[in-house]
Amino acid sequence: MKKILSITFTLVLTLGAIAFAQGQSRVLRGVVTASPDGLPMPGVTILDKSNQTGTTTNVDGEYSISVGPNSVLVFSFIGYATQEISVGNRTELNVNLEEDASELSEVVVTALGISKEKEKLGYSVTEVNSESINKARETNVANSLAGRVAGLVVKGTNSGPGGTSKITLRGLPSISGTGSPLYIINGIPMDNSQRGSAGQWGGSDNGDGIGNLSPDDIETMTVLKGQAASALYGSRASNGVILITTKKGSKGSDWSLNYNLNYMVENPVDFTDFQQEYGQGVGGIKPTTATDAQTTGRFAWGAKMDGSSVIGFDGNQYPYSPTNDGYLDFYRTGSNFTNTVSVAKGLGDDGSFRLSLSNLNSKSIVPNSDVDRLSINLNVEQNITDKLNVTAMINYIDQQSTNIPFLSDGPKNPNNFLFLAPNISQSIFAPGYDELTGAETVFSDDIYVTNPYFIVNQGINDRGRKRTISAISTKYSFTKDIYAMVRMGNDVSNDDFYSIDPTGLAYSANLKGNLNGRGQSTTSEFNLDGILGARIDLTEDIELDALAGVNMRNNKFESVGVGGSRFVLPYLYSPFNVENFSRSYSYNEREVHSAYYSFGFGFKDFLTLTTTGRYDVYSTLPTNNNSIFSPSIAAAFVFDQLINIPALDFGKLRASYAVTSGEPFAAYQSTFYYNSANSYNGVPAGSSPLSLPNLSLKPFTTDEYEFGLDLSFFNNRLAFDIAYYKKTTNNEIMNANYSITSGFNSAVVATGSTSNKGLEVLITGKPIQTPEFTWTSSFNLSSVKNLVVSTDPNNNPINLGQTRGTLGNAITAYVVGEAGPQIRAYDYAYNSDGSIMVNEAGLPVRGELINMGSVLPTLYGGWNNEFNYKGVSFSFLIDYSYGNKVLSATEFYSIFRGMNQMTLEGRESGVTNGGVTAPAEDYYRALAQNVTSTSVVDGDFIKLRQMTLGYSLPAQWFGNNPVLKGLDISLVARNLAILMRKADNIDPEASFGSNINYTGIEGTSLPSTRSFGFNLNFKLN
């Protein structure tokens, strides 16, 4: 913290001194009128390009703004031509705006980073600006998209700061893919690989690529949802594309200095509703010895709590009554503290630059678990000549994660106090180890259920990353409408990892611990594009917008590490201090060569037809099947010009069809490779793989058609964006199981297929718009139905994930003919009269394995509202999700251990079915194990996701201030409340897994959190 504050203070002083040298500011006043009648114009936006401060005109068209001698003001209003005026030494400036119908057209960034008029696009595009993502911010910026884009599902993992963000677009992703969209930063693809995730046996979520970016450097995030929108990216674009545009300087502007401080605190939230009547024990009896107390600490089948005393695991006496020291008291208040300083300037009228330095210090709610991230971003643009333009970006990230928590129902999980009996205080197990011997304090019946205090105080699970994302683009304009571009991008991550089982860990051999791994890895992606583009008027009415290009992409991954078991000397965690030494090495390289084109024909500004094509050659596939052509066609018909509806400002019909392709992620699956093996009698030996290579693999494809309608009414006060699509994957590459009698136990096949169809609706409007008060509202809705069409050659279910509690008895899987991933669990067995079947002991009997529903929602969206009144702004975002199921380990264990509210029934009298009575403990434990459908809950929810309250101090307050030019203050909050949920004991979004295999599976991850804080943005002279 001292280091952060020191850096921040030094930078602020330095920039303040620079700003002071630039000269003093003053207040400029004036009136804005409209042509041709000369009436005052309220609501005109006025922006100072030199420092990005701004204001709007009042009801009389009047304005005032603090300016400097080099300020350039931009006056803009929808439907009028934008004007840029240099202020000079003036103290008064009156402006008359001219009508310009072309200003009604919104420009958005599309594939390959090319800007196009939104009204001419034949597919759906949604843009999210920086204001939406960097006030009430998330450590992983992708999580900020939740509820803002129709068709987009965003779920973070409950793993603390630095965790993965899981995003799916338009339903079920490909069976063989990760489900994540492709991220493009300033036209360059970036690597979003996960660095490790948790499964049912434990593990940690080590983060993804998008989580490395600083929100303060992002200008916009544009979501290309349809295949037609992303077809030019070919491989990896079948799950959609998210374009990231970073902030840059403005040509012709003066120095712009900004300092942003964001501070958020987060607290864990308890969603459990466990019973508080019966305490620790089994068979209705309290423990009578310390050994009994230890082995029954996570069972609430004891006597009714009466306030008497009971023996504890350490032999001491404790009250036999509900404790006020719950499992959440183990955690601390987390915090995210971000300092960002940026400086930008125009380099004359021909160039600009922006340089930023951002530092994040994030403390997890888990003690001794932190993330520190330093980001440096530089954007430079320069016109070398009138025809040659060069842009360059470099983004350097240094991120260090300390003691990343382990998740799921496995060892070393810091959330293992969740299932303590209701009379046990978690604090009695601190500090988690014997201070003389270092041995872990075992607090339960299972040594693999690690004491949370022990692992947070003694454990090491660290990850470091030094990453550089760079891009350079040169564009030569032969004429105003014909250009050539060469663009090169490189994304290189150098990671280090260090993970141990510490000395004293109960389940390690002789308490000696292990070195799980220490090493380094390098991941890189290199892209080179060459593009030739032109815009040509073929006739007076027909326009051609064309481009052709080539691309070369190379991906490499290399990792080397060492490990070992049983440290010789305690607490010396070195690879030279282990009894058995091990080493590891991994290498993977892939390359794709591509060529692509796009031809767009426009007729009289109301009809546009665009066709694209991409040809890819993959190194990961056999030479006889390693190439594919992916076409698309999209049409847009702007019909408002042809009909006379006074209230209609804009109307467009759109339609598209596209095909994208994909390759296997893993290389070397199409050739038979031999491996070295242990020697036999001193003779070197080899081994052959048990997975059969496929010599006829070919790229899989995703095809989609989409129809859409865009409408805008009442001077753009009300707008609709509606889309219907159907998407199908074909020949998906996946694993299949073989009989070992064939000599192989698995093979790679290309037989998978899925289908998605859905409806997306986005409604935006301004219910109230006056010079002093505006209310802007947007509502998005997505309805999607997916289907698994085929799996392996025999169409067998493909099992994905599970929890350890219901191991093998409740799973998620791809099941042909069902929505996927589908939860499969065992139902009750029923008698002929429909009653529940029990055995002779009165215990429930297991029925059939049934499909219980998909883990992906069928109806979801969000409602966003923004209010502005005289510089005061207030906003809130509500998002919702319906139609999915959750496989909950919390539900299983709470029933099995006697903590669920349902287990209160029959505690004294037993549970009777079919005339047979069974003790409640026996009945509910058998119920949880045999009828695993009881572990499946509804995932429906409505959440108050975000709220902000801000105030922009009036510019005239800073008129004579030599340093400070403006200040924006915001109070912010994230994940405030769940307004509705059907699951009794969990947050329906809680998850420990960060890939599609564990989507919809919940259990023993970190608690969900609620965040509050503030954001201060200082604009400096």
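All figures in this text were calculated on a predicted structure; none of them were measured in a lab. (Residues numbered from 1 in each chain as written. Predicted model: local features only at pLDDT ≥ 70, side-chain atom pairs only at ≥ 80, totals over all residues. Heavy atoms only, no water.)

Novice: Just to check I follow, could you spell out the side chain of Thr-164 for this structure?
Specialist: Positionally, Thr-164 belongs in the loop between strand S12 (152–156) and strand S13 (165–169). A relative accessible area of 2% means that Thr-164 is categorised as buried. What Thr-164 contacts, discounting residues up to four positions off in sequence, is Asn-140, Lys-155, Gly-156, Thr-157, Ser-159, Gln-194, Asp-205, Gly-207, Asp-208 and Ser-994. (Helix = DSSP H or I, 4+ residues; strand = E, 2+ residues; numbered from the N terminus. Buried < 20%, exposed > 50% of the residue type's maximum accessible area, 1.4 Å probe, protein only. Contact = heavy atoms within 4.5 Å.)

Novice: Got a minute to help me understand the environment of Thr-751 in this structure?
Specialist: Tracing the backbone through its elements, the reader meets Thr-751 in strand S39 (residues 746–769). Considered as a pair, Thr-751 and Tyr-705 are 46 residues apart in the sequence and their alpha carbons are 22 Å apart. Residues contacting Thr-751, with those up to four places away along its chain left out, are Asn-731, Glu-732, Met-734, Ser-790, Thr-791, Asp-792 and Pro-793.

Novice: Teacher, can you tell me more about the packing of aromatic side chains here?
Specialist: Any aromatic ring pair is given by two values, namely how distant the centres are and how the planes are angled relative to each other. In total, this model carries 41 aromatic pairs according to the counting rule given. Judged by centre distance (5.0 Å) and plane angle (25 degrees), the rings of Tyr-448 and Tyr-507 are stacked. Note that Tyr-448 is positioned in the loop between strand S24 (388–402) and helix H4 (452–458) and Tyr-507 in the loop between strand S26 (482–501) and strand S27 (514–537), a separation of 59 residues in sequence. Three or more aromatic residues joined by ring pairs make a cluster, and in this case those are Phe-313, Phe-330, Tyr-331, Phe-417, Phe-429, Phe-443 and Tyr-453. (Phe/Tyr/Trp six-rings, centres within 6.5 Å; stacked < 30°, edge-to-face > 60°.)

Novice: What's the story with the sheet that holds strand S50 (residues 936–938) in this structure? I'm lost.
Specialist: Consider a sheet: its strands pair through backbone hydrogen bonds, and that pairing is either parallel or antiparallel. In space, the three strands of this open sheet follow the order S50-S47-S53, with mixed pairing throughout. Both edges of this open sheet fall to S50 and strand S53 (1001–1002), since each of them pairs with a single strand only. Examined bridge by bridge, strand S47 (residues 885–888) and S50 share three bridges and lie antiparallel to one another. By the bridge assignment for S50, Val-886 is matched with Val-937. (Pairing = 2+ DSSP bridges.)

Novice: When you look at empty space enclosed by the protein in this model, what are you seeing that I'm missing?
Specialist: In this approach, a probe sized like a water molecule rolls over the atoms, and the result shows the empty space that is left. Summed over the entire model, instances satisfying the criterion amount to 16 cavities of 30 Å³ or more. For the largest cavity, the calculated volume is near 700 Å³. In this structure, the largest cavity is lined by 42 residues; those nearest its centre are Glu-138, Asn-143, Thr-157, Asn-975 and Thr-1009. Put simply, the parts of the chain that give the lining of the largest cavity at least two residues each are S12, strand S18 (256–268), strand S51 (941–952), strand S52 (964–981) and strand S54 (1009–1020). Of the residues forming the lining of the largest cavity, the biggest block, five residues, is contributed by S52. Split into classes, the residues belonging to the lining of the largest cavity amount to 14 nonpolar, 18 polar and ten charged. Together, 18 residues line the second largest cavity, and Tyr-327, Ala-990, Glu-1002, Leu-1006 and Pro-1007 are the ones closest to its centre. Looking at the lining of the second largest cavity, its residues break down into eight nonpolar, eight polar and two charged. (1 Å grid on protein atoms, 1.4 Å probe; cavity = no way out; pocket = protein on both sides within 12 Å on 5 of 7 lines; lining within 4 Å. Points joined across faces, edges and corners; volume = space filled by probe spheres on them. Nonpolar A, V, L, I, M, F, W, Y, C, P; charged D, E, K, R; others polar.)

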